[in-house]
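What follows is each chain in one-letter form.
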Amino acid sequence: MPRKRRWTALVVLAAAAVAGSARGRAQEQVVTDKIPFTYYKLPNGLKVVLSQDSSAPIVAVGVYYQIGFRIEPRDRTGFAHLFEHMMFQGSQNLGKMQFIQLIQKNGGILNGSTRFDFTNYFEALPSNTLETVLWAEADRMRGLDITEANLTNQKGVVTNEVKVNVINRPYGGFPWLDMPQYANVNWYNAHNFYGDLKDIEAATLEDVIRFHKTYYSPNNAVLVVVGDFNVDQAKQWVHKYFANIPSSDLPPRPDLTEPEQAAEKHATKEDRLAKKPALGFSYHMPERLTKDWYAMGLLDQILLQGDDSLLVQEIVKKRGYAGSVDGGINQLGNLYDYRGPMLFTANLIHDDNVSTAQIMNAVDGIIQGVMEQPVDAATLRRAQIKLVSALYDQEGNLGLGKVDLLASFALFDDNPGEINTLVENFNKLTPADLQETAKKYLRPQNRTVLEITVATKPVSSTGAAPGGR
Amino acid sequence: MGKQIMIIRSLIFVATLAHWSGLIGAVASAQTPTNTPAKEQPPAPSPARPFQLAPRTHYVLPNGTQVNLLQYGTVPKVSIEIDEAAGKVNEDPQHIDLSAVMAELMAEGTTKHSGEELARQAGDMGSGLSIEGGVYQSTFSIDVLSGSAAEAISLLAEVIEQPAFPARDLERLRADHLRSRATSLANPGFVSRQAFAQIMYGDQAYGRLLPTETMLKSYTLDDIRSFYAANYGSQRTTIYVVGRFDEKAVRASIDKNFSGWTRGPAPQTPVQTAASGAHFSFVDQPGAAQSNVIYGIAVPDVISPDATQLAVMNSLLGGSFGSRITSNIREQKGYTYSPRSSLSQGYGTNVWAENAAITTVSTGPAIQEIVKEIKRLQDAPPAAAELAGIQRYEDGVFVLRNSSRGGILANLSFVDFHHLSDDYLTGYVQRVDAVTPEQVQAMAKKYLNTEAMSLVVVGDPAIVKPQLNGFVASGK
């Protein structure tokens, strides 16, 4: 039963990853690549990416604003996320909850999310409803119409969200919310992104209006449509509904630079609900789309992704320290959808009879291995195949994954065509390249270790016998 | 609860991806300013494009193996899943989760390859091998690049037919299960689900969410081998291949790798019964910031003639972002972030339940609002427009659910698990559209008897119990 490594799909991908041909108007880029798209900007600065895919009669729409939780106001932690909720609370032509109603009664699903460097709003629907969705997204880009009561209501909802996801859940903020606060030193990268409950309570209607005026403008956003639609028709609708939304003067982007870390950091946090200790460790990532960044994408596959990965084999399968080792690059998204400083994180839950030192010793054995000698060719090829396979899944996902990649590359890089160069760039790398990157970025000096400890005096007694009738 | 969870998961993944951040209800707004210019109306959608489910190819090998093939999509990947009809229902009550431990152990080596070699082979195809023990079925799946379909089938066959059951890995999995057991019991959300499952199903398989520590410590390789011999074989095997693949190569690989396997035991599908009558369970969590609440009742199963009307009723009442309960306790009151009602869709059994993590001081009032919404629906049929909105939503979500290979595979497996025919899928939209406002009201009246609802609360007893006094006295 020989299982040869398969190259067919990789070769096809690489061959397709050539620069797209530009035609049409000077300001418009039409790419007929593996993932075809049309890219242009409206006079008000709104970036638009339209990508056809007729494999199902559905359409995915995303509006991404370049305002993430990193750069929210200093006395308003959690505000970027609270604001995301307000975008569902009413605009000029859609009252509270009518946006949701409109999408649902057109057979669609929708959501929004707040991330490091963007806040996004997205829908997936039967494709005949595209015009309706574009109209609705334009309506809330133009402005909000919100009452004090709506704001109070959403403060309650968001407070409950923090409780259910963090406060009343064992390992609730670990490591996705905790780790950036320990590993980073620049406030923009190191504050509590979900927000101090006091700050959430303090938010005012003026804050909401100012935030929309400052950041929710067409020149700070990208609109992406993926799916079964007519591009010329979509362009007319985009023009009709978005072109007359005024642009704004954007404030200068703050300095998000994270200074180079000089020595390994160690932190401990007590979890009052957890019954077993946990451990996480993070490395600062190289800058996005650099050679080292591509290499880290592959090192993540080699070290952490899948049962074949080196850390899973060592920590889980050989030593039995944990049932799994999880993690990756950008735990609130993926390798591609961020802009500023980022972490590569691994985390696990373990028993009391295994110490952090034992686990980190085993981790170091593996990490030093990839620093001291190049991985073999088979391991590198396997990492490349896994990465391409994962990229295909990202591109599927009802079109929302493709929306996410095209939006990120348009918003952060002004170049959605990056999507078609990824495979080629990953496949170019050699074992020596990976070793060089590992030496630079997987040093202990570039690392933060976070221990989650079990509370000695537990507050809760969950698991107690149920009461009577 | 195994199989029936899958279809729900594929439905709600977008919301979980986004941390539920935009989960909002919908009811006509009372907050609209009155003296503003007339609202612009949204442009109407164009006519819907035709949507047809791609038919599956189904055949049976001479030894009873069921095979289902379906070409879908443009992405060069293929999902392969093998459902083995062996799970918790085949365990004796003193060996809870033995079936899951056994299934997981099968990834750790075959008579030909070590666990590490199997993992590398899967990686070389672009994926990992995924194994999950369930209530009625254990699932072995892999999602690979199209060119590897035939090899992936042979890898799965080797894992299922020739397990080595290495002793060392049993000890490790035992420690993992003991650890994850402790972690689950520390999670108030899990504790509420466990208490509710125990009320509804007691010692039946759907009620046995966790083994005891003593049980886990007792499992031997002999137990594992006996369970395998008694429960695995081709008569209990169903294969699904969905995505882009070379059909000739896939058929040849299935034939080569599965037709020689032993027939094994005939499938057993014992039916479980959900409890009737009102039961109340309060689990103390002193100092809890929220109460984890489940409020529900047994209802007819998915093969009942009422199933579609029940599903539409659920979507309108609490099952969708725009539903009545969500509008009320989230968007009007702000008591909770992620309330949701659902139907459990078990094999031959079904439970409707509203599930919410509610801020501690508002627990009693929130439950009262849930009851109020149930009674409101019992008292009057929904407006035609409200129901039509829910019907369009259900129709649209059905199209979305059938627009990915994972969603299509989950649907096929769901139909087979419940012994339905593919008419269930092809007629779905038509059945949903036929439901009337009066039928929705009738479902709520007939099945959501608040006098017979069971309630689980995991929360702070000092603050929450007094809030429930009136409710328990009047409701039960």
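Criteria and cut-off values
Residues numbered from 1 in each chain as written. Chains lettered and ligands numbered in written order. Predicted model: local features only at pLDDT ≥ 70, side-chain atom pairs only at ≥ 80, totals over all residues. Helix = DSSP H or I, 4+ residues; strand = E, 2+ residues; numbered from the N terminus. Rg over C-alpha atoms; globule rule 2.2 N^0.38 Å. Buried ≥ 20, exposed ≤ 12 C-beta atoms within 10 Å, placed from the backbone. Contact = placed C-beta atoms within 7 Å. Arc of directions from axis to C-beta. Nonpolar A, V, L, I, M, F, W, Y, C, P; charged D, E, K, R; others polar. Pairing = 2+ DSSP bridges. Expected span 1.5 Å × (residues − 1). Domains from an automatic or database assignment. Core = buried A, V, L, I, M, F, W, Y, C linked by C-beta atoms within 7 Å. Axes fitted to C-alpha atoms, helices over the stretch in contact; angles between N-to-C directions. Parallel < 35°, antiparallel > 145°, perpendicular 65-115°, else oblique. Left-handed = near helix turned anticlockwise from the far one by under 90°.

## What about the overall build of chain A?
Check the secondary structure of chain A and you find 17 helices and 12 strands. Relative to a compact globule of 469 residues, whose C-alpha radius of gyration would be 23 Å, chain A shows 23 Å and is just as compact. Dimensions of chain A, computed from the C-alpha atoms along their principal axes, are close to 65 × 60 × 50 Å. In chain A, which comprises 469 residues, the share counted as buried stands at 58%. Considering only residue pairs separated by 6 or more positions, chain A has 80% of its internal contacts joining residues 24 or more positions apart.

## Quick look at the overall build of chain B
Within chain B, the regular secondary structure consists of 18 helices and 11 strands. Taken against the 2.2 N^0.38 rule, which gives 23 Å for 476 residues, the C-alpha radius of gyration of chain B at 24 Å falls within 12% of a compact globule. In terms of overall dimensions, chain B has a C-alpha envelope of 75 × 55 × 35 Å along the principal axes. Out of the 476 residues belonging to chain B, those deemed buried represent 57%.

## Observations concerning helix 8 (residues 221–231) of chain B
Residues and elements named next belong to chain B. Looking only at helix 8, the buried set comprises Ile224, Phe227, Tyr228 and Asn231. All buried residues of helix 8 project into a common sector of 100° when viewed along the axis, lining one side. Opposite the buried face of helix 8, by more than 90 degrees, sit the exposed residues Asp222, Ala229 and Ala230. Contacts made by the buried residues of helix 8 are with helix 2 (98–105) and helix 5 (167–185).

## Focus: the interface of chain B and chain A
Interfaces are often described in size by the accessible area the parts lose on coming together. The interface is formed by 100 residues belonging to chain B together with 92 residues belonging to chain A. Grouping the amino acids of the side of chain B that touches chain A by side-chain chemistry returns 43 nonpolar, 40 polar and 17 charged.

## A word on the pairing of strand 1 (residues 57–60) of chain B
Residues and elements named next belong to chain B. Pairing of strand 1 with strand 2 (residues 66–71), which is carried by 4 bridges, proceeds in the antiparallel orientation. Opposite threonine 57, over in strand 2, you have leucine 69 as the bridge partner. Connecting the antiparallel pair strand 1 and strand 2 is a turn made up of 5 residues, with glycine 64 showing a positive phi of about 100°.

## Comments concerning helix 4 (residues 130–142) of chain A
All names here are of chain A. Relative to the 18 Å expected for 13 residues at 1.5 Å per residue, helix 4 spans 18 Å between its end C-alpha atoms, a close match to the ideal helical length. Burial within helix 4 is extensive, with 12 of its 13 residues counted as buried. Considered for burial, the residues of helix 4 that qualify are Leu130, Glu131, Thr132, Val133, Leu134, Trp135, Ala136, Glu137, Ala138, Asp139, Arg140 and Met141. Those residues of helix 4 hidden inside the fold are in contact with strand 4 (58–65), helix 3 (98–105), strand 6 (119–126), strand 7 (221–227) and helix 10 (231–242).

## Regarding the domain arrangement of chain B
All names here are of chain B. Its domain assignment divides chain B into domain 1 (61–258) and domain 2 (273–475). Taking the mean C-alpha position of each, domain 1 and domain 2 sit 30 Å from one another. Elements represented by at least two residues in the side of domain 1 that touches domain 2 include exactly strand 2, strand 3 (77–84), helix 6 (188–201) and strand 6 (237–243). By residue number, the principal contributor to the side of domain 1 that touches domain 2 is helix 6, which donates 9 residues.

## Quick look at the nonpolar core
Among the nonpolar cores identified, the biggest contains 271 residues, and Leu298(A), Leu406(A), Ala149(B) and Leu156(B) are the most heavily contacted of them. Ignoring anything within four residues of it in the chain, the contact list for Leu156(B) reads Ile80(B), Ile82(B), Phe140(B) and Ile142(B).

## Topic: the packing of helix 4 (residues 149–161) of chain B against helix 9 (residues 247–258) of chain B
Residue and element names in this part refer to chain B. As a packed pair, helix 4 and helix 9 sit with axes 8 Å apart at the nearest point and diverge in direction by 20°. In this view, helix 4 runs roughly parallel relative to helix 9, as classed from their interaxial angle. Seen along the crossing, helix 4 lies across helix 9 with a hand that is right-handed. Residues Ala149, Ala150, Ile153, Ser154 and Ala157 of helix 4 form the contact with helix 9, whose participating residues are Ala249, Val250, Ser253, Ile254, Asn257 and Phe258. For the contact of helix 4 with helix 9, a count of residues per class yields 8 nonpolar, 3 polar and no charged.

## Remarks on the sheet that holds strand 3 (residues 47–52) of chain A
All names here are of chain A. Taken in spatial order, the 7 strands of this open sheet run 1-2-3-7-4-6-5, and their pairing is mixed. The sheet is open, and its two edges are formed by strand 1 (29–31) and strand 5 (109–114), each paired on a single side. Sheet twist, expressed as the mean angle between neighbouring strand axes with direction ignored, is 10°. Note: strand 1 against strand 2 (residues 37–41), 3 bridges, orientation antiparallel. Bridging across to strand 2, glutamine 29 finds its partner in tyrosine 39. Packing against the sheet, helix 15 (residues 400–413) makes contact with strand 2, strand 3, strand 4, strand 6 and strand 7, and its axis sits at approximately 150° to strand 7.

## Some details on the sheet that holds strand 11 (residues 343–349) of chain A
All names here are of chain A. Within the open sheet, the 5 strands sit side by side as 8-12-9-11-10. Their pairing is mixed. Strands at the two margins of the open sheet, each flanked by one partner only, are strand 8 (265–271) and strand 10 (326–329). Averaged over all adjacent pairs, the angle separating strand axes in this sheet is 15°, with direction ignored. In this structure, strand 10 lies alongside strand 11, joined through 4 bridges in antiparallel fashion. Directly across from glycine 327, in strand 11, lies its bridge partner alanine 346.

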